[in-house]
Protein chains: 2
Amino acid sequence: MAVVVMQAWAAGSCKSTTSRHSKEQVADTRQPVKIYKANILYTPSAERLEVLAGGYIVVDANGRVEGTYPSLPEHLKDYPVTDYGDQLLIPAMNDLHLHAPQYRNTGIAMDMQLLEWLETYTFPEENRFASVDYARNIYSRFVHDLWLHGTMRSSIFASIHPQATMLLADLIDQSGMGAMVGLVGMNRNCPEYLQRSTCDYVSDMRQLIEHLEGMPRVSPILTPRFIPSCTDDMLDTISAIARQYNLPVQSHLSENPSEIEWVKQLQPESANYGDAYYRHGLFGHTPTLMAHCVHTDGEELELMARQGVVAVHCPTSNSNLASGTARVRHLMDGGVKVALGSDISGGNTMSMVAVMQHALQVSKIVQARTQGREKSLTVSEVMWLATKSGGAFFGQIGSFEPGYEFDALVIDDSNLASGHDYTLMQRLERFIYLGTPANITHRYCSGKDLPEPKIADIYNK
Amino acid sequence: MAVVVMQAWAAGSCKSTTSRHSKEQVADTRQPVKIYKANILYTPSAERLEVLAGGYIVVDANGRVEGTYPSLPEHLKDYPVTDYGDQLLIPAMNDLHLHAPQYRNTGIAMDMQLLEWLETYTFPEENRFASVDYARNIYSRFVHDLWLHGTMRSSIFASIHPQATMLLADLIDQSGMGAMVGLVGMNRNCPEYLQRSTCDYVSDMRQLIEHLEGMPRVSPILTPRFIPSCTDDMLDTISAIARQYNLPVQSHLSENPSEIEWVKQLQPESANYGDAYYRHGLFGHTPTLMAHCVHTDGEELELMARQGVVAVHCPTSNSNLASGTARVRHLMDGGVKVALGSDISGGNTMSMVAVMQHALQVSKIVQARTQGREKSLTVSEVMWLATKSGGAFFGQIGSFEPGYEFDALVIDDSNLASGHDYTLMQRLERFIYLGTPANITHRYCSGKDLPEPKIADIYNK
C-alpha cells in the first residue's frame, strides 16, 4: 500500500524534491542594519546564562545576529541604536508541541485522563474544523495568542481538515512568525468523523505542502496522531514520505499508563512504545519530535538518544491530565534531546513562560520523590529548553550567538522589580515566576518587530 | 518560667480579658443598603458550586450578605442596583499562610531546600526589618499586592520586630482588608540577630495586641516559628497566653524530611512532629493553623483531625522548595480541615488564584502517583478551600450565604472568554487557569469597595 501511495504522490503535482526541513536562505550579506541596547540575557548552553547589562546586539540585513557587545564597537558608532533602556532582551519562546484546534478548550475540561479526555472533549471540538468559518474564528485567536505570549516558533498539530489547516498556515505566515504545521493522520480507534484514509491523508498533505511552498517560515511536518489511531499501513506510508522528502515527523510517546498498555496490545511485536514508531521508520529517521515521554525509561530512552529523537516535555499538560511527572533530568542525563511544549489544551496555557515555571516546579517534585537522586532543573536550564534547545528544531533559533536569527522578546518588568535592587538574573527569574504577557513590549521574529495579529470576528459563538 | 511571664503579662497594661479571636460586631440591622447584579459563583460546600447567571446579591448595612436571588425580590425594587453586567462575582481570596518580610524574595532564590534556604536567603532578609523605614518600603508593597491579587483576609508571619509589625498592621488596617498578624517567636537555632527571649516575645506581643485594639479587622495571632527555633519554655509560655486570652496560634508542620528528622532529635519524647506542639499545648487548644503538612500521616493526621487543627496547604512553596507533594485528599478524607496559603516567599506568587491552579495540578500528580487511589481535587473544591474553608478561620467569611461578610471580587474575564460560548463554570475555571490581577475590577471587604493602597517610595534600594 505504501508503495502505491508513494507512486500516487510522485505522479502528483508536488514539485518538492529537495529537503523541506530547512528552507533556502537569502544570501547572507551580514551588514548591520539594526542595533539594540538593553539588558541582554541568553543561554548558549544549558548551564550557561549570558548576562550583558546595558549591552548591544547587532542584527544584520537578514535578520540574523552579527554579535553582542558590552559596549558599541568603534566601526558601528554611526549606526542608529534602538535603546530599550532598563528592559530585558531575551530570545523568544519556542513551543514544540501544541494542538491548534483545541484552543477553545484551553483552561477547561481537565477532569479526565488522556483517553477518556480525547473522546469526551477533544475529538468533538476538533471535528468543528470541518468548517472553515469556525476555523477562521478560532485560528485567528490562536495565532494572536502565540504572538501575545511571545512564542515566535511552534510545532503544531492541526486537525484532519486540509482547508482549515491551510488557513492556519496562512494566518501564521501573515503574522510573520514561524511554525511547522501538520495535518493529523488518524484512520482507526477514533470517531469515524475524524478518520481519513491513508490515501486521503497523503493527498491532503501534498496539498498542504504545495500551499506552504512560498512561505519563508512556515513548513509542513508529518503528524501521525499516535500509534493507537494509525494502522500499520498509514505509519509505513508516512514514514516513506518522510524519508523520501526529508520531512520532519511529530507524534506522542509514553504519556499515560493506559495508553502505553494499549500500544502494547496493538503492537505486540514492539519492545516498547518508542520501538513501535521505530519499526515503522518514524523514530529519528528524519528529524522527530515526540511529545511527553512521561514514562520513558530503559530501552526506549536509549533508542531515543541513539536516534536523536527530541522529547517534548509538556509539564502543565502532564499535571492537568494526571499523566505523571516526566523525569527530564533522567532523559537529559541519558543523552536525549529535550524541548518544551504547552500542549494546548492538555496544557492550560499557551504561555511558555508559565510552562518554564511549571517545568521547574515539577522537576523539584521529581527531586523530592527520588530523595535528591534526580536533581531539579535550574532557571538557566529551563530558559535554554524554551529557547535554544527547542529552537534548534527550526534552524539557528533561540540564542543570540552570531548567525542566529534574531527572535527576541523585550520585557518591561518594572512592575515586578520596582523599588528593589534585583540582579538581572533575579529579574529574569521573577519574570518566569510572576510575569504576564503584559510585560512583553516587543516581539521580534527573524529580525522583524511583529505587530499584533488581527482577530477575525466572524461570529461570537 | 511560663508562670512568671504570665504574671508579668497580667500586671501589664493589656486590658484584654475577652476572646481576641472574634472581634465584637456592630449590631446587625440587616437593612439592605447595596444590591449587586452579576454572574454570581460561590461554594457553600466543597462539592457544591452555586451558579447564578445574572443574579442579585443583597448586602446589609453591616456589610453582610442578606441573600442571593435569581431575580430581584419585589420589596427591593426601589433600591438602586450596581450592575456588573456580564462580569463574574466570586468570594474574595483568603491566604492562610504567608511571610510579609519575605516579600522581596518572592520569585527568586529557590535553588535550595528548606533549612539551607532559611539560613541563606530568608533570615538575612527578615533581619532588615529592624529598620522601620525598610519595613515601610516593603510592607506598603506587600499590602498593595494583597489587594492587587484580591486576597482580602490573610494570616501573616511578620518578623521578630515589634515596630515593623505594628506598622504592617497599620497599613492593613488603613487598606480596609482583614488579617491576623503575628510576631515571630524564635529563641534558638537561628542567627543571634533574629533571636528574642521568651520575656521579650511576651512583652512585644502585648504591645502588638494593645496596638491592634481598635482595629476592626486586624487581630493578633501567636506565632512560634517552628519547633526547632523555640525552646520548651517559649512554647509553654506562648501556649499559656493562647489559652488564657483565647488567642489563635500559627506555625509550621512536617514540611520537609530533614526538618522532621531534626524535630525528632529535639523532641525525642514526642510521637511525631504534631505531638511536639500538642505536648506544649499548641495544637488546637485554641484555633490553630499549621502550614504545609506535606508528610503528615497516621497518628499525626489523626491528632490534627481530633484537635481541629487547620492544615494550610501551600502547593507552590512545596514544589519550589522540593518539599514534596501534600496529600490533600488524604488529609480531607481523614477529617482534617484544610485551607490554602501562598507561603511567600517559599511560594513564588501572592496570587491565590495561581495557588488554586497549582493545588489542582499537584493533586493530579498525587493521583497519578497513587494510581488513582487518592483522587485529585475538583475546581469546586479548590475554590472552596481558597474561600469558605480558609475564610472560616476569620469568622463568617468566604461565602455568599446569608450572614456572611461581603468579601468579593468582580472579575472581568472578557479577554479570556471573548468569542466563545463558555458556561459560567468554565469561565471560572479559565480565570483560575489563565487569569491575572488585571482581570479583577473590584475588591470588596466587609461590604466596602476597597481603593488601591498607596506604595511608600521611601527609597529605591
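Residues numbered from 1 in each chain as written. Chains lettered and ligands numbered in written order. Predicted model: local features only at pLDDT ≥ 70, side-chain atom pairs only at ≥ 80, totals over all residues. Heavy atoms only, no water.

Caption draft 1: Structural view of the overall build of chain A. If you tally the helices and strands in chain A, you get 15 helices and 17 strands. A compact globule built from 461 residues would reach a C-alpha radius of gyration of about 23 Å, and chain A, at 22 Å, matches this within 12%. C-alpha atoms of chain A, sized along the principal axes, occupy 65 × 55 × 45 Å. For chain A, with 461 residues in total, the buried portion stands at 65%. The long-range share in chain A, meaning contacts at least 24 apart out of those at least 6 apart in sequence, stands at 77%. As displayed, chain A has an accessible area near 15,600 Å², and 49% of this comes from carbon and sulfur atoms. Charged side chains in chain A number 37 positive and 51 negative. The centres of these two groups are separated by 2 Å. (Helix = DSSP H or I, 4+ residues; strand = E, 2+ residues; numbered from the N terminus. Rg over C-alpha atoms; globule rule 2.2 N^0.38 Å. Buried < 20%, exposed > 50% of the residue type's maximum accessible area, 1.4 Å probe, protein only. Contact = heavy atoms within 4.5 Å. Areas by Shrake-Rupley, 256 points an atom, 1.4 Å probe, with all protein chains shown as cover. Lys, Arg positive; Asp, Glu negative; His and termini not counted. Charge placed at Lys NZ, Arg CZ, Asp CG, Glu CD.)

Caption draft 2: View of the relation of the copies chain A and chain B. Its rotation angle being 180°, the transformation that places chain A on chain B also includes 0.0 Å of axial translation and leaves an RMSD of 0.0 Å. Overall, the copies show the geometry of a two-fold rotation axis. When C-alpha distances to the rotation axis are compared across chain A, the minimum falls at A:Thr436, with a value of 3.7 Å. Interface residue correspondence from chain A to chain B reaches 100%, placing this contact among same-surface, isologous pairings. (Least-squares fit on C-alpha atoms with pLDDT ≥ 70 in both.)

Caption draft 3: View of the pairing of strand E2 (residues 48-60) of chain A. Residues and elements named next belong to chain A. The pairing of E2 with strand E3 (residues 65-69) spans four bridges and is antiparallel. For isoleucine 57, the partnering residue across the bridge sits in E3 and is threonine 68. Hairpin remark: E2 followed by E3, antiparallel, with four residues in the connecting loop; positive phi at glycine 63, about 75°. (Pairing = 2+ DSSP bridges.)

Caption draft 4: Spotlight on the interface of chain A and chain B. The interface of chain A with chain B comprises 42 residues on the first partner and 42 residues on the second. Overall, the association of chain A and chain B removes approximately 3,600 Å² of surface from exposure, summing both partners, and the carbon and sulfur fraction of that is 53%. On inspection of chain A and its partner chain B, the count reaches two salt bridges. The salt bridge involving B:Asp421 is made with A:Arg104; its shortest N-O contact spans 2.6 Å. The tally of links between chain A and chain B comes to 20 residue pairs in polar contact (both at pLDDT 80 or more). At the level of secondary structure, the elements contributing two or more residues to the side of chain A that touches chain B comprise helix H3 (132-148), helix H10 (315-320), helix H12 (352-369) and helix H15 (424-434) of chain A. No other element matches the nine residues that H12(A) contributes to the side of chain A that touches chain B. (Buried area = accessible area lost by both parts, 1.4 Å probe. Salt bridge = Lys/Arg side-chain N within 4 Å of Asp/Glu carboxyl O. Polar contact = N/O pair within 3.5 Å; in protein donor to acceptor, adjacent residues only side chain to side chain.)

Caption draft 5: Representation of the packing of H3(A) against helix H4 (residues 162-175) of chain A in the model. Residue and element names in this part refer to chain A. It is at 9 Å that the axes of H3 and H4 come closest, and there the two elements cross at 30°. Crossing angle aside, the handedness with which H3 passes H4 is right-handed. Facing H3, whose interface residues are Val132, Ala135, Arg136, Tyr139, Ser140, Phe142 and Val143, H4 presents Gln163, Ala164, Leu167, Leu168, Leu171, Ile172 and Ser175. Residue classes in the contact of H3 with H4 are distributed as ten nonpolar, three polar and one charged. (Axes fitted to C-alpha atoms, helices over the stretch in contact; angles between N-to-C directions. Left-handed = near helix turned anticlockwise from the far one by under 90°. Nonpolar A, V, L, I, M, F, W, Y, C, P; charged D, E, K, R; others polar.)

Caption draft 6: Representation of the environment of A:Gln207 within the structure. Residue and element names in this part refer to chain A. With respect to the element layout, glutamine 207 can be found in helix H5 (residues 198-212). For the pair glutamine 207 and tyrosine 134, spaced 73 residues apart in sequence, the C-alpha to C-alpha distance is 21 Å. Leave out the neighbours within four places in its chain, and glutamine 207 touches Pro162, Gln163 and Met166.

Caption draft 7: Geometry of the sheet that holds strand E13 (residues 310-313) of chain B. Residue and element names in this part refer to chain B. Spatially, the four strands line up as an open sheet ordered E11-E12-E13-E14, and their pairing is parallel. Looking at strand neighbours, the two that pair on one side only are strand E11 (249-253) and strand E14 (337-340), the edges of this open sheet. Ignoring which end each strand starts from, the neighbouring axes of this sheet average 30° apart. As judged from the four bridges shared by E13 and E14, these two strands associate in the parallel manner.

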